[in-house]
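# Commentary on secondary and tertiary structure
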Amino acid sequence: MARVTVAPVMLIISFFQRKTLFSTSLASGQPDAVDDLGLHNILWITKHESRVILSWNNNLTEEETENYTVKYILSYKFFNTTHERKERLKEKKKTIRLELHSGFNAKVKTQLLAKETEDIIKESGWTEFTYKAPPVYIQNLSCIIYNISFFNCTWHIKTEAPEDTQIFFSYRHVGKDFECQQYIKNARKKNIGCHMKEIYFQPSRKINLNITVRDLRNNSGGLSYYKAFVPQTIEKLNPPINVSVSLENRSIIIHWKPPPTIGSARSKCFLYQVKITDRKIVDVTAEKYEYPFHKPAKKCAAQVRVKKDVCIRNKIWSEWSEPVFIHSEKTVDVMLLSLTLFCLLIFLGGLLICAFRRYRCLEVITTPVPHPSDNIKTWLAADETHHQKQMSMQMEMHSEVTMGTPEENGDEIILKQWRRLKASGLENP
């Protein structure tokens, strides 16, 4: 339950002072300020768990309120920061969220303006005050959503934090509380981050972080710090997808598609940056980038990254996409040379086909081996017949030799047969 503390401001400053500045703490009460025109402010504070509500009043009459425009100038600065925030308000209150700040300095004054010209009729002096909150033991809190459903938060622990403290993390989203799934620890076993996965985020509903610092030795409730994010403002997109290059009309065109996102995926929501070798990084709102290549770089590669910028403000760029090597001086020459060679091959092929048809070269190459003519067949058959006759005669002579007269006439018979063979040309050498 929220704790409420009210501190009235009751100190009045002299009418002869043009502007009075002073500072008090919440414990000693808050001051009011009066200028030489008699206008003064009364301020009080309402303290809640994660915010402080500043309220103030003035001594304007009803007639002044009806006849003039009343506005309030509020300026405040958190401790340990240099940025001073200044606002012009119509209402008599302002909610300041402490988040991870241990207090702030602020001042407020009232202005009475002419309704027609907005000229200042009169104004009060500054009412300055200081609010001190409990100490903050963590710093550099950073949270990021990536890959649609992954959530990481990291922080640093200040050196003045008690030795026995431990950090615990949770958050609330869409009416549900989520405890940290996996803590990231340092060498001293202190929790310095939290990793969560498979979380569904509604892009328009805030993520309310609750970081609690507890003293483990005393088992006390500890200090709680609060911070809220709209999911789309801390989403780190993946690099653009389907990055490709085409050559059209003497220009190089780089195409891509936006990555998945938890929020709106309308084309106008994305802002891209294109990085090309030897060229400046350019901002692009379309899903393509075109440039001429009449003077290409020696080494030419393109990369693209993306973030949300129009539908909702997001300062986190994606990583660069994988480099796509595009038409450098060499690659352009190679492309043109390849195209020329391809056309030349087609032309030469056509010429060869025409030449083959004109001089019947194909017929010579494809003509089958002819069969032997009838004369050759007759000659081969006659030769084979003659060879068979010779073999037959040899067999007959051998038969006569083996079947001749008695042995005493054998030599004479053999001699006669030899002479016969010699006369007929069948003698073996």
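Everything here concerns the structure above.
Here is a short report on the structure shown in this document. (Residues numbered from 1 in each chain as written. Predicted model: local features only at pLDDT ≥ 70, side-chain atom pairs only at ≥ 80, totals over all residues. Heavy atoms only, no water.)

Let us now look at the overall build of the protein. Scanning the protein from N- to C-terminus turns up five helices and 24 strands. Within the protein, the fraction of its 429 residues that count as buried is 35%. Within the protein, counting contacts between residues at least 6 apart in sequence, those at least 24 apart form 58% of the total. Surface accessibility of the protein: about 27,700 Å² in total, with carbon and sulfur atoms responsible for 55%. (Helix = DSSP H or I, 4+ residues; strand = E, 2+ residues; numbered from the N terminus. Buried < 20%, exposed > 50% of the residue type's maximum accessible area, 1.4 Å probe, protein only. Contact = heavy atoms within 4.5 Å. Areas by Shrake-Rupley, 256 points an atom, 1.4 Å probe, with all protein chains shown as cover.)

Counted under the stated rule, the structure contains three disulfides. Here Cys-143 pairs with Cys-153 through a disulfide, and the sulfurs are 1.9 Å apart. On the sign convention where negative is left-handed, the bridge of Cys-143 and Cys-153, at about 115° about the S-S bond, is right-handed. With Cys-143 in strand β9 (residues 138-146) and Cys-153 in strand β10 (residues 150-157), this residue pair connects regions lying ten residues apart in the sequence. Pair check on accessibility: Cys-143 and Cys-153 agree, each one buried. Disulfide partner of Cys-180: Cys-194, at an S-S distance of 2.1 Å. (Disulfide = S-S within 2.5 Å.)

The five strands are arranged β13-β14-β10-β9-β17 in an open sheet whose pairing can be described as mixed. Of all strands in the sheet, those with a lone pairing partner are β13 (182-185) and β17 (235-236), marking the two edges. (Pairing = 2+ DSSP bridges.)

This part is about a nonpolar patch on the surface. Judged by side-chain polarity, Leu-341, Leu-344, Phe-347, Leu-348 and Leu-351 come together as a nonpolar surface patch covering roughly 470 Å² of accessible area. Among the secondary structure elements, Leu-344 is positioned in helix α2 (residues 329-359). (Patch = residues over 30% accessible without salt bridge, like charges linked within 9 Å, V, L, I, M, F, W, Y side chains within 5 Å. Salt bridge = Lys/Arg side-chain N within 4 Å of Asp/Glu carboxyl O.)

Another aspect to go through is the nonpolar core. Formed by 27 residues in total, the largest nonpolar core has its most connected members in Ile-138, Phe-151, Phe-169, Tyr-171 and Leu-209. Counting only elements with at least two residues in this core, the list comes to β9, β10, β11 (165-173), β14 (191-196), β15 (207-215) and β16 (223-229). Once residues within four sequence positions are removed from consideration, Leu-209 is found in contact with Leu-141, Cys-143, Phe-151, Cys-153, Phe-169, Ser-170, Tyr-171, Tyr-225, Tyr-226, Lys-227 and Phe-229. Formed by 20 residues, the second largest nonpolar core is a distinct cluster that contains Ile-45, Leu-60, Tyr-76 and Val-108. (Core = buried A, V, L, I, M, F, W, Y, C linked by side-chain atoms within 4.5 Å.)

This is a description of form; function is not addressed.
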